[in-house]
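What follows is the residue order along each chain.
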Amino acid sequence: MNWIVPRVRNVRRILPYLLYGVLLGGLYGMLHDQISYTISREYFTDFKFHQFRYADFHLPERLYVSIIGFLATWWVGLFSGWFLARMRFNSDDLQTARRDILQGFAIIACCAMGAGILGGVAGYLNYYVFDAQEFLGFEKQFSGTTLKRFAIVGTIHNSGYVGGLAGLIVAVFLLKRKMKQRLSDVDM
């Protein structure tokens, strides 16, 4: 329970990592969506632009795509930062805690990127090699190469979120193991 509800003394320590997580998550989303937009413009013009229409300030499309990327992923960084910081700031060794939290963010980012790449490969294989003709009902709106690229980007996006969650789980597991190892080294 102490991972969810912090002790008051730790809130001051945790806040910078929440902000750092928000920035990392948002920047990741901005870059991710720029790459996705390059693969399938229609994924944004016919799907994401409608989903995030409240953020449309009539800016150039690429800038709008960046805003969507930030808005779609900032919360992953916040969530990750919360759990990593809650886990690590139960100790008084601030230097080691900071390093562990940054390593945790790196693990999460690598897992999200890796899963996104695997999702892109899976989407490519599914829609180019195996010639799938359906993708969540969008086949009525698109056809051919446009549908295939749309489906690849959709698969990349979904896989990236799964990778981020898997990365958080891996990071928590590895950091807990490191903490136990440090405690056993001190006891010797």
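Residues numbered from 1 in each chain as written. Predicted model: local features only at pLDDT ≥ 70, side-chain atom pairs only at ≥ 80, totals over all residues. Heavy atoms only, no water.

Student: What should I look at first to understand the pattern of salt bridges in this one?
Tutor: Where charged atoms of side chains with opposite charge meet at close range, the side chains can pair. According to the stated counting rule, one finds two salt bridges in the structure shown. The partner of Glu61 in a salt bridge is Arg41, and the shortest N-O contact between them spans 2.8 Å. Taken together, the residues span a long stretch of sequence, with Glu61 in helix α3 (residues 61-88) and Arg41 in helix α2 (residues 41-51) at a distance of 20 residues. For Lys178, the salt bridge identified is with Asp100, shortest N-O distance 3.4 Å. Residue Lys178 is located in helix α5 (residues 144-187), and its partner Asp100 is located in helix α4 (residues 94-129); the two are separated by 78 residues in the primary sequence. Using a relative accessible area of 28% as the deciding quantity, one classes Lys178 as partly exposed. (Salt bridge = Lys/Arg side-chain N within 4 Å of Asp/Glu carboxyl O. Helix = DSSP H or I, 4+ residues; strand = E, 2+ residues; numbered from the N terminus. Buried < 20%, exposed > 50% of the residue type's maximum accessible area, 1.4 Å probe, protein only.)

Student: When you look at α3 in this model, what are you seeing that I'm missing?
Tutor: Residue pairs spaced three or four apart in an α-helix point in one direction, given the helix's 3.6 residues per turn. Across its 28 residues, α3 extends 40 Å between first and last C-alpha, which sits within 8% of the 40 Å expected from 1.5 Å per residue. Of all the bends found along α3, the most pronounced is centred on Thr73 and spans about 35°. (Expected span 1.5 Å × (residues − 1). Bend = angle between axes of the 7 residues up to and from the residue.)

Student: Help me out: how do you make sense of unusual backbone geometry in this one?
Tutor: A negative phi angle characterises most non-glycine residues, just as the trans form characterises most peptide bonds. Within the chain, His58 stands out as a residue other than glycine whose phi angle is a positive 60°. Along the chain, His58 turns up in the loop between α2 and α3.

Student: Just to check I follow, could you spell out the UniProt feature "transmembrane region" (unreviewed entry) in the chain for this structure?
Tutor: Within this structure's numbering, the places UniProt gives as "transmembrane region" (unreviewed entry) are residues 14-31, 63-85, 105-130 and 150-175. Taken end to end, residues 14-31 is 100% helix and 0% strand, and its two terminal C-alpha atoms sit 26 Å from one another. (UniProt positions renumbered as here; feature names shortened; annotations may be inferred.)

Student: Sorry, what's going on with the packing of α2 against α3 here?
Tutor: Between two packed helices, both the angle of their axes relative to each other and the distance between the axes serve to describe the pair. The geometry of α2 relative to α3 is characterised by a closest axis approach of 12 Å and an angle of 60° between their N-to-C directions. As the angle between them shows, α2 and α3 are arranged oblique. Crossing angle aside, the handedness with which α2 passes α3 is left-handed. Only Glu61, Tyr64, Val65 and Ile68 of α3 make contact with α2, whose side of the interface consists of Arg41, Phe44, Thr45, Lys48 and Phe49. Of the residues assigned to the contact of α2 with α3, the class counts are five nonpolar, one polar and three charged. (Axes fitted to C-alpha atoms, helices over the stretch in contact; angles between N-to-C directions. Parallel < 35°, antiparallel > 145°, perpendicular 65-115°, else oblique. Left-handed = near helix turned anticlockwise from the far one by under 90°. Contact = heavy atoms within 4.5 Å. Nonpolar A, V, L, I, M, F, W, Y, C, P; charged D, E, K, R; others polar.)

Student: Help me understand the side chain of Ser40 in this model?
Tutor: Among the structural elements, Ser40 can be located in the loop between α1 (8-39) and α2. Given a relative accessible area of 0%, Ser40 falls into the buried group. Separated by 3.2 Å, the side chain of Ser40 and the backbone nitrogen of Tyr43 make a polar contact. Once you skip the residues sitting within four places of it in the chain, Ser40 turns out to touch Arg149, Phe150 and Val153. (Polar contact = N/O pair within 3.5 Å; in protein donor to acceptor, adjacent residues only side chain to side chain.)

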